[in-house]
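Residues per chain are reported as follows:
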Amino acid sequence: MANFTLEEAHLLLHNKFVVILGDSIQRTVYKDLVVFLQTESCLTNTQLRSKGELSFEGDQLVEGGKLSNNTDYREVRQYHSPSHLLRFYFLTRIYSNYVESVLADFQTGLQPDVLIVNSCVWDISRYGSNSIQQYRENLDTFFTRLNEVLLPECLVIWNMTMPLGKKIKGGFLIPELQYLDVTLRCDVIEANFYSALLADAHGFDVLDLHYQFRFHLQHRAADGIHWNKVVHRRITFTLLQHIAEAWGVSLSPHPHPHKPQVPLEFVWRNLPVTGPGLAAPVQWERRGLPRIHASEMDFFLDRPVSREGDLLPGFTASNSNTNCPGGFGWRDGDGPRLQPQWLESANQTELQLRGSNNLVMRNRLSHSRIPAPYGWPDYRHGHC
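Residues numbered from 1 in each chain as written. Predicted model: local features only at pLDDT ≥ 70, side-chain atom pairs only at ≥ 80, totals over all residues. Heavy atoms only, no water.

## Section: the sheet that holds strand β2 (residues 60-64)
Definition in use: The pairing criterion for strands is at least two bridges between them, as found by DSSP. Only runs of H or I of at least four residues qualify as helices and only runs of E of at least two qualify as strands under DSSP, and these elements are numbered from the N terminus. Fitted lines through C-alpha atoms give the axes, limited to the stretch in contact for helices. The angle between two N-to-C directions lies from 0 to 180 degrees. In what follows, a contact means two residues having at least one pair of non-hydrogen atoms within 4.5 Å.
What the 7 strands build is an open sheet, ordered β2-β3-β4-β1-β5-β6-β7; its pairing is mixed. Two strands bound the open sheet, and with one partner strand each, they are β2 and β7 (205-207). Sheet twist, expressed as the average angle between the axes of neighbouring strands with direction ignored, equals 20 degrees. Direction of pairing for β2 relative to strand β3 (residues 75-81): antiparallel, over a ladder of 4 bridges. Residue E63 lies in a different strand from β3, and its bridge partner there is V76. Sheet strands in contact with helix α5 (residues 131-149) are β1 (16-22), β5 (114-117) and β6 (155-159), and its direction is about 165 degrees off that of β6.

As structure tokens, then:
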């Protein structure tokens with residue numbers, strides 16, 4: 001994942017119209033992007049929970065906002081500056097008469113340069129016993145209509161739904177449907193698979209956020225649905241990287257502005273093997289560096305591949321963790337670790353899966369209707 005500065009985000013989206021369609025998760029994606037175009041600060045807890053406000057960080061509530069758990073809830077927000085235009089539409093269903101009216105806005109008004117969209121949990125939980133089949137049909141209709149309405153140069157990104165918790169509670173899950181919390185997270189996986197294949201078949205890009213955050217569940221909110229500011233800033237960076245790659249924009253590597261720089265001054269001492277393929281716990285010697293939880297190391301170090309001594313994927317150690325497979329209480333940083341004989345196959349798999357954070361990527365040049373005078377040579381390349 002590339003790290004972005006405020007200046008780079010400004011340059012990448014200069015004179016671009018970005019539209020985001022979706023539920024409350026996508027609304028927070030919109031909010032974090034609005035914040036990041038103005039400051040490198042993250043969203044506050046209050047901002048994460050707020051909805052329907054008249055104004056957020058300089059944007060405006062264009063339509064709706066009257067709080068309701070009904071499927072007819074509407075919320076349209078828009079942020080504009082001298083060089084950026086962002087708009088958000090709240091959806092409770094991927095295709096409906098309301099979605100058709102949104103598409104009519106594009107036909108009669110300004111066409112988006114980037115369209116980021118997701119709709120799933122409302123679709124498969126609030127529209128009756130046949131909701132999953134209807135969701136499949138609506139997806140096909142929606143993608144077909146996008147191809148008919150949008151200009152060919154519009155970059156459409158389908159965000160796959162993020163992992164749900166085992167127990168969930170939220171505005172969309174009314175008490176009458178609380179029994180769905182047992183199976184809904186599995187239904188989301190099936191819906192993700194089908195929607196990704198269908199989006200690809202229609203020629204759209206797919207961003208697999210479910211895969212990206214499957215091992216970052218410690219950042220998920222207590223309701224089992226929403227996520228904290230760390231994940232949403234990471235989603236923003238992932239989307240910006242996807243857009244840059246799709247438009248042929250090269251980015252210079254630079255330090256992450258929000259996380260401590262951690263040179264590998266941690267000394268890893270592999271102890272003798274205590275079982276088939278398993279090493280004894282690895283101890284960390286900290287040399288005055290800030291303490292970082294073992295489960296956060298992958299995020300803070302951005303390691304591309306596995307190395308000898310790495311914790312096996314899925315183990316999130318803590319001082320009193322008893323949630324590891326088998327019920328073992330691993331100490332901080334402890335757990336099964338990769339040994340040399342595993343590295344070759346592990347790295348091949350991770351390079352295939354983690355080498356790119358895009359499930360589908362199609363290179364297309366940006367054809368902005370308002371030519372942007374990019375200031376950096378790297379940003380001039382690939383733009384018309």
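## Here we look at unusual backbone geometry
Operational definition: The buried label applies to any residue whose accessible area, calculated with a 1.4 Å probe on protein chains only, is under 20% of its type's maximum; exposed applies above 50%, and partly exposed to all values in between.
Although it is not a glycine, N15 sits at a positive phi angle of roughly 60 degrees. Under the relative-accessibility criterion, N15 is labelled buried at 18%. In this model, E57 sits at a positive phi of 50 degrees, which is unusual for a non-glycine residue. As for its placement among the helices and strands, E57 is situated in the loop between α3 (45-49) and β2.

## Concerning the pattern of salt bridges
For clarity, the cut-off: The term salt bridge refers to a side-chain nitrogen of Lys or Arg lying within 4 Å of a carboxyl oxygen of Asp or Glu.
Across all of its chains, the model carries 9 salt bridges by this definition. Across the pair R77 and E75 runs a salt bridge, and its minimum N-O distance is 3.1 Å. Using a relative accessible area of 0% as the deciding quantity, one classes R77 as buried.

## Quick word on the side chain of Q47
The condition that has to hold: Here a polar contact means two N or O atoms within 3.5 Å. Within protein one must be a hydrogen donor candidate and the other an acceptor candidate, and residues neighboring in sequence count only if both atoms are side-chain atoms.
Considering the arrangement of structural elements, one finds Q47 in helix α3. At 2.9 Å, the side chain of Q47 and the side chain of E57 are in polar contact. In contact with Q47, other than residues within four places in its own chain, are K31, C42, F56 and E57.

## Structural notes on helix α8 (residues 229-246)
Spelled out, the test is: To estimate the expected span of a helix, count its residues, drop one, and scale the result by 1.5 Å.
Its 18 residues give α8 an end-to-end C-alpha distance of 26 Å, which sits within 8% of 26 Å, the value for a rise of 1.5 Å per residue. Two to three positions downstream of the cap, the backbone nitrogen of V230 sits 3.1 Å from a side-chain oxygen, assigning the N-cap of α8 to N228. G248 sits one or two residues past α8 and shows a positive phi near 75 degrees.

## Some remarks on the packing of helix α4 (residues 97-108) against α5
The condition that has to hold: When an angle is under 35 degrees it counts as roughly parallel; over 145 it counts as roughly antiparallel; between 65 and 115 it counts as roughly perpendicular; any other value is oblique. If you view the pair so one helix is near and one far, a crossing is left-handed when the near helix is turned anticlockwise from the far one by less than a right angle, and right-handed when it is turned clockwise. Note on residue classes: Ala, Val, Leu, Ile, Met, Phe, Trp, Tyr, Cys and Pro are nonpolar, Asp, Glu, Lys and Arg are charged, and everything else, Gly too, is polar.
Between α4 and α5, the shortest axis-to-axis distance is 10 Å and the interhelical angle comes to 15 degrees. The angle between α4 and α5 falls in the class roughly parallel. As α4 packs across α5, the resulting crossing turns out to be right-handed. Residues V99, E100, L103, F106 and Q107 of α4 lie in contact with α5, whose contacting residues are F142, R145, L146 and V149. Across the contact of α4 with α5, the residue classes tally to 6 nonpolar, 1 polar and 2 charged.

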